Amino acid sequence: MSTTDTRPEAGVGAGGDSPGRHSAGRARRGLTAVAVLAVVAAAGVTFVVVDPLHYRTEAAATASAPVTTGLATVTKGDLSARTLENGTLGYSGDYDVLNNVSGRLTKMPAVGDVVKAGKTLYKVDGKAVVYLYGAYVPAYRALSWGMEGADVQQLNAALVALKYATKSQIDPESDYFGRQTYYAVRRLQDAAGLSKTGQLPIGQVIFLPTRQIRITKVNGTLGATAPNGSTLFEASSTDREVTVSLNASQQSDVAAGDATEITLPTGKTTPGKVASVGKVATKSDDSTTVTVLIRPTKPKETGTLDQAPVQVSIVSDTVKDALSVPANALLALAGGGYAVEVVDAAGAHRLVGVTTGLFDDSAGKVQVSGDGLAEGQNVVVPTS
């Protein structure tokens, strides 16, 4: 770094150019602003306050290992503040499949099997137990003509979705078991190989709040007695999801809808969005965290790995068309605030006071503004 002609630009005043909200946050994480001053001092230049409106520079004769410098360009464009976290890639949802039929298990799914709503999930004494989509209540009673309730409404909606009835025949929002529900149940039973009674005894169908499940654990044994009321299987949905345990102090920095970038174990990246941020903290021995759920926007790119470690970069803030410089171009001034050392076309060096804004850790850049600062200018940066 040259010490020739390093007079500050007008307006570089003590305390007048303090870092913004984002720079304060990054200071806690060890960003380079103050470290740059130490580097500059080691190179033989010190910034000293003479009075509130004037700075001067002094060359130090004690530098034993000068730091080499180079030039970087003031650029204009979009910047993003990011939070980098470790996460776990898997599948959303955690469902217990309870058996409500007495008899012996004659057909069972295996771990990893995917079963769609409307299909037979397992069989007891050769009779099918059919899985249906229903978001409200589990199957807790036999259903027949004339009954009403939330369970009837989700049955009507499931029958229409599976095309055992049309919307003109059954209103999917209706909670009444009428004539058309009766006939649609008969069609469902016929497709599953069951007796066409038009009514559903307890245990003949199972409602789960997802349209497709993936078996994650099997507790029953083929040929054994099906224990009534016990969990035969555990399942998830087939929707991909990343779970992040976020430090509770960062909860307000992340919101549903924030864009993310997920780095897979293969090293490839894929986009995602924050689906939810937990409101209840969990305390462990050394930290307090909230759960953040992230949905990949291109789930096929995530493959089929389950419980795989991933890294997640969460975009918590963005600025458009901002001037920026490399973070290590910042010089911490003795009277407070920051400056950058601008080099003009003739090679003359001068300090320009700047106000910092958003730090983009992934790009290693910081948003800056200041009188005399413009896109395309060269600024001094350390190179070692």
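Before any of the text, the structure's been laid out above.
We now turn to the structure provided with this report. All figures in this text were calculated on a predicted structure; none of them were measured in a lab.

Things to note about the overall build of the protein chain
When helices and strands are counted, the protein chain shows four helices and 23 strands. Looking at the protein chain as a whole, 41% of its 384 residues are labelled buried. The long-range fraction of contacts in the protein chain, counting pairs at least 24 apart against all pairs at least 6 apart in sequence, stands at 68%.

Regarding the packing of aromatic side chains
All chains considered together, the criterion is met by three aromatic pairs. Relative to Phe233, the ring of Tyr122 lies with its centre 5.4 Å away and its plane at 65°, an arrangement referred to as edge-to-face. Here the residue Tyr122 occupies a position in strand S8 (residues 120-124), and Phe233 occupies one in strand S12 (residues 231-237), the gap between them amounting to 111 residues. Classification of Phe233 by relative accessible area gives buried; the value is 0%. Taken together through their ring pairs, the aromatic side chains of Trp145, Tyr182 and Tyr183 make up a single cluster. Positioned over the ring face of Tyr133 is Arg211, at 3.9 Å from the centre of the ring. The positively charged end of Arg240 is found above the aromatic ring belonging to Tyr91, 4.5 Å away from the centroid.

Here's the deal with the sheet that holds strand S10 (residues 205-208)
Taken in spatial order, the four strands make up an open sheet running S6-S8-S9-S10, and their pairing is mixed. At either end of the open sheet lies a strand with only one pairing partner, and these are strand S6 (105-107) and S10. Strand after strand, the sheet turns through a mean of 30° between neighbouring axes, direction not considered. The pairing of S6 with S8 spans two bridges and is antiparallel.

A few points about the environment of Gly178
Along the chain, Gly178 falls in the loop between helix H3 (150-161) and helix H4 (179-191). When the C-alpha atoms of Gly178 and Trp145 are compared, they prove to be 5.5 Å apart, with 33 residues separating the residues in sequence.

Observations regarding the sheet that holds strand S11 (residues 212-218)
Read across the open sheet, the four strands follow the order S5-S12-S11-S7; overall the sheet is antiparallel. The sheet is open, and its two borders are formed by strand S5 (95-98) and strand S7 (114-116), each paired with just one other strand. Geometrically, the sheet is characterised by an average inter-axis angle of 40° between neighbouring strands, direction not taken into account. Bridge count between S7 and S11: three bridges; the pairing is antiparallel. Bridge assignment links Val115 to a residue of S11, and that residue is Ile213.

Describing the side chain of Asn156
With respect to the helices and strands, Asn156 occurs in helix H3. Not counting the four nearest positions on each side in its chain, Asn156 is found in contact with Ile170, Asp171, Pro172, Ser174, Asp175, Tyr176 and Thr181.

Things to note about the pattern of salt bridges
Scanning the entire structure with this criterion turns up four salt bridges. The salt bridge involving Arg141 is made with Asp151; its shortest N-O contact spans 2.7 Å. Here the residue Arg141 occupies a position in the loop between strand S9 (127-133) and H3, and Asp151 occupies one in helix H3, the gap between them amounting to 10 residues. When its relative accessible area of 26% is taken as the criterion, Arg141 is described as partly exposed. Under the relative-accessibility criterion, Asp151 is labelled buried at 2%. For Glu241, the salt bridge goes to Arg295, with nearest N and O atoms at 3.2 Å. Taken together, the positions of Glu241 in strand S13 (residues 240-247) and Arg295 in strand S17 (residues 288-296) put the pair 54 residues apart, joining distant regions of the chain. Taking the relative accessible area as the measure of exposure, Glu241 reaches 8% and is therefore buried.

Looking at H4
Taking 1.5 Å of rise per residue, 13 residues should cover 18 Å, and H4 covers 19 Å from first to last C-alpha, within 8% of that figure. Every buried residue belonging to H4 is among Thr181, Tyr182, Ala184, Val185, Leu188 and Gln189, and all of these are buried. Down the axis, H4 shows its buried residues gathered within 170° of arc, on one side only. In this structure, the buried residues of H4 make contact with S9, H3 and S10. Immediately downstream of H4, the backbone of Gly193 shows phi near 75°, a positive value.

Focus: the nonpolar core
Within the largest apolar cluster, 24 residues are counted, with the highest numbers of intra-cluster contacts made by Leu132 and Leu155. Taken together, the elements giving at least two residues each to this core come down to S9, H3, H4 and S10. Element by element, the count of residues in this core is highest for H3, at five residues. Every residue in contact with Leu132, bar those within four places of it in the chain, is listed here: Ala117, Gly118, Leu155, Ala158, Leu162, Leu188, Val205, Ile206, Phe207 and Leu208. In terms of nonpolar packing, the next biggest core, distinct from the first, is built from 19 residues, Leu323, Ala327, Phe359 and Val381 among them.

Some points on the pairing of S10
In regular strands, side chains alternate between the two faces of the sheet. The side-chain alternation of S10 yields two buried faces, one formed by Val205 and Phe207 and the other by Ile206 and Leu208. Bridging between S9 and S10 involves four bridges; their strand directions are parallel. For Val130, the partnering residue across the bridge sits in S10 and is Val205.

Calculation rules
- Residues numbered from 1 in each chain as written.
- Predicted model: local features only at pLDDT ≥ 70, side-chain atom pairs only at ≥ 80, totals over all residues.
- Heavy atoms only, no water.
- Helix = DSSP H or I, 4+ residues; strand = E, 2+ residues; numbered from the N terminus.
- Buried < 20%, exposed > 50% of the residue type's maximum accessible area, 1.4 Å probe, protein only.
- Contact = heavy atoms within 4.5 Å.
- Phe/Tyr/Trp six-rings, centres within 6.5 Å; stacked < 30°, edge-to-face > 60°.
- Lys NZ or Arg CZ within 6 Å of the ring centre and 35° of its normal.
- Pairing = 2+ DSSP bridges.
- Axes fitted to C-alpha atoms, helices over the stretch in contact; angles between N-to-C directions.
- Salt bridge = Lys/Arg side-chain N within 4 Å of Asp/Glu carboxyl O.
- Expected span 1.5 Å × (residues − 1).
- Arc of directions from axis to C-beta.
- Core = buried A, V, L, I, M, F, W, Y, C linked by side-chain atoms within 4.5 Å.

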